Amino acid sequence: KVDAARKERNSLLGFQTSLPKKSKKERRKGCSQSRESDSLCWIQELRRTCAPDAVAFVDWLMKNPVFDLSSEDTMVLNIAGGKGDTSLLLSAYGINSAIVDPRQSNISRRQRKLLRRNKEYGNASFTTLNSIFTVESAKSDRDIALLVERCTCIIGLHPDQATDHIVNVAVEKAIP
């Protein structure tokens, strides 16, 4: 019953619950050999490896006019970034980001392989800082304070305990 309810909820939200197994040749079939469409193909393949909520969140960020992610010096601060799916997708779109999470971010083997194969398309990067994000650490920890000063927006997909700290720092520094 839980799986059926989850599939129904995901379909209502527009998430694909399961992808049909296709060979590599079939996945690449719809892509022409031009540089631009090849870039889009690898991003689509990367999106399939990421969690559906991270994909939906990045889509929302890219469409939302509040977050101006179009300039080259854009840097997104991703609090409680977990595995790093959100920052990985942002880097594929050419947006630099930094993850602040006490746990080690761990992209999958398939994602690392995609990144290695397609280095020329995504020139942005993301870094990881293994630390707890709080209002105090944003002021006292030199590395976190530097990231907060450089960032153009602060995000947190599932920040749990860090939610209050994200909002307080963003309001104090006037960062979206």
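One can find the structure itself at the top, above this paragraph.
Residues numbered from 1 in each chain as written. Predicted model: local features only at pLDDT ≥ 70, side-chain atom pairs only at ≥ 80, totals over all residues. Heavy atoms only, no water.

**Description of the nonpolar core**
Consideration 1: Grouped together as the largest cluster of nonpolar side chains are 21 residues, with contacts concentrated most on Leu 46, Leu 69, Val 76, Leu 89 and Ile 155.
Consideration 2: Looking at this core, the elements with two or more residues in it are helix H3 (35-49), helix H4 (52-63), helix H5 (85-92) and strand S4 (153-155).
Consideration 3: Apart from the residues lying within four places of it in its own chain, the contact partners of Leu 69 are Leu 61, Met 62, Thr 74, Val 76, Ile 95 and Cys 153.
Consideration 4: Judged by nonpolar contacts, the second largest core, of 19 residues, contains Leu 129, Val 148, Ala 162 and Val 169. (Core = buried A, V, L, I, M, F, W, Y, C linked by side-chain atoms within 4.5 Å. Buried < 20%, exposed > 50% of the residue type's maximum accessible area, 1.4 Å probe, protein only. Helix = DSSP H or I, 4+ residues; strand = E, 2+ residues; numbered from the N terminus. Contact = heavy atoms within 4.5 Å.)

**Notes on the sheet that holds S4**
Consideration 1: Here four strands make up an open sheet; going across it, the order is S3-S2-S1-S4 and the pairing parallel. Of all the strands in the sheet, just strand S3 (126-129) and S4 have a single pairing partner and so form its edges. In this sheet, adjacent strand axes meet at a mean angle of 20 degrees when their direction is disregarded.
Consideration 2: With five bridges connecting them, strand S1 (residues 75-79) and strand S2 (residues 96-100) associate as parallel partners. Within S2, the position partnered with Ile 79 by the bridge is Val 100. (Pairing = 2+ DSSP bridges. Axes fitted to C-alpha atoms, helices over the stretch in contact; angles between N-to-C directions.)

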